[in-house]
Amino acid sequence: AGPARGAMPAGEGDGVFVVGELALVEGDDFGKQPTVNIGGRPAEILARTGDGGIVTRVPAGVAAGQVEVEVSHVDGRGARSIIVRRWALIADRAGAALHAWPRAPDGVLADGEGARLALPGAWAVGISAGGETALVAVDGGAGKPGAVAVVSLVAAGGPRLVRSIAFADRPRLVAVAAAAPLAAVVGAETVTLFDLEDPRTPASHAPIALGDAAGGVVAAVLDPAGKRPALLVGADNRLVTIDVSDPFHPGPPRSLALLPEARLPLVVDVEVAPAGDALWVLAGETAGSRVAGVHPTRVIVVDLASGKVGAPIEIAGVGAPLAMAVARQEEVQGATAIRSTRRTQGFVL
């Protein structure tokens, strides 16, 4: 036996599923130990209903469009199709809003189907590991407290603001762990960890003072396991990491010099390498370095475990870089390749 025929129930009844959304699979005789795959990816069985149904969640990484829900057990398998939507989000600082666009199956943003949430002070955005919610850093303005807005991405009809959490500092950056329920929000003076075990109601830890990095962080990431936020300090080209393996008792900040010979700000962006064991730091010509002539665009690899800083790798043909994006899969074509001991790829913009 397999999933029952007819529409599968959606949480709020809009008939379209979103990555991270709960799904109820109903049918007959699923057995004691069924397995569920959605869009070819394993889906965790969260609960069983009294009449034998299965409560699961659309896994992160499922492609947009029509996908198959498959239930397998010792006596066979059954399947049916559902429609899955994925959202792309942009914090619009000038327009005081958060924009959301559904992604088409080919990855292109769908025209004319976006949503706009009025959100004055929206500064930066990060999406939880499961895809259920987004955290938006909201700057309250001069002399006013900031906030972290929690936006549900699984709400019927599109993203919806569900709550706003007061933030004493002025939030500027949001970094989210790819494989753990943790986020870090960086302000002017502090970095604050948020527990996303329940993504709709994040719980904040005590703020961690940035010390001499205050006011100078230009980019931030969190390692996949959520144990080490890394903050890129622009003025003196260094990386500050903090051991938050125990978020209630974080370790002291550790500074790593990235370009010790440089006397001008050259670092631009930082990303986690695809394998999750290293950081890639992008450096090159910036507004603060142009007075001293042309500087090459380079990528610096930093080992997360040891803190070892590798020799800069020059990226030819890229002037005055703005940002870097790292592929989570090795399927990117036409990109600038960053090569080390393993096959890896990324974009430099």
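Use the structure listed above.
Worth saying up front: this structure is predicted, and the values here are computed from it rather than measured. (Residues numbered from 1 in each chain as written. Predicted model: local features only at pLDDT ≥ 70, side-chain atom pairs only at ≥ 80, totals over all residues. Heavy atoms only, no water.)

1. Things to note about the sheet that holds strand S23 (residues 254-257)
Part 1: With antiparallel pairing, the four strands of this open sheet are ordered in space as S20-S21-S22-S23. Of all the strands in the sheet, just strand S20 (217-222) and S23 have a single pairing partner and so form its edges. Along the sheet, successive strands turn relative to each other by an average axial angle of 20°, direction set aside.
Part 2: Sheet topology places strand S22 (residues 238-241) next to S23; four bridges connect them, and they run antiparallel. Residue pairing in the sheet places Val240 in a bridge with Ser255 of S23. (Pairing = 2+ DSSP bridges. Helix = DSSP H or I, 4+ residues; strand = E, 2+ residues; numbered from the N terminus. Axes fitted to C-alpha atoms, helices over the stretch in contact; angles between N-to-C directions.)

2. Examining the pairing of strand S13 (residues 146-152)
Part 1: The buried fraction of S13 is high, at seven of seven residues.
Part 2: Side chains Gly146, Val148, Val150 and Ser152 of S13 all project onto a buried face; the interleaved residues Ala147, Ala149 and Val151 project onto the opposite face, where all are buried too.
Part 3: Summarising the sheet, strand S12 (residues 133-138) and S13 pair through six bridges and their orientation is antiparallel. Counterpart to Thr133 in the pairing with S13 is Ser152.
Part 4: The pairing of S13 with strand S14 (residues 160-167) spans seven bridges and is antiparallel. When the bridges of S14 are listed, Val148 appears paired with Ile165. (Buried < 20%, exposed > 50% of the residue type's maximum accessible area, 1.4 Å probe, protein only.)

3. Describing the environment of Ala155
Part 1: Among the structural elements, Ala155 can be located in the loop between S13 and S14.
Part 2: Assessed through its relative accessible area of 4%, Ala155 is described here as buried.
Part 3: Along the backbone, Ala155 and Glu132 are 23 residues apart, and their C-alpha atoms lie at a distance of 9.1 Å.

4. Describing the nonpolar core
Part 1: Val186, Val191, Leu210, Val217 and Leu231 are the most contacted members of the largest nonpolar core, which has 20 residues in total.
Part 2: Contributing elements (two or more residues each) for this core: strand S15 (173-176), strand S16 (182-186), strand S17 (190-195), S20 and strand S21 (229-233).
Part 3: Once residues lying within four places of it in the same chain are set aside, the contact partners of Leu210 are Val186, Gly187, Ala188, Glu189, Thr190, Val191, Val217 and Leu231.
Part 4: Listed in part, the 19 residues of the second largest apolar core include Ala230, Leu259, Val267 and Val281. (Core = buried A, V, L, I, M, F, W, Y, C linked by side-chain atoms within 4.5 Å. Contact = heavy atoms within 4.5 Å.)

5. Quick notes on the side chain of Asp139
Part 1: Mapped onto the elements, Asp139 comes out in the loop between S12 and S13.
Part 2: Looking at Asp139, the relative accessible area reads 11%, which means it is buried.
Part 3: Side-chain polar atoms of Asp139 contact the side chain of Arg170, separated by 2.9 Å. (Polar contact = N/O pair within 3.5 Å; in protein donor to acceptor, adjacent residues only side chain to side chain.)

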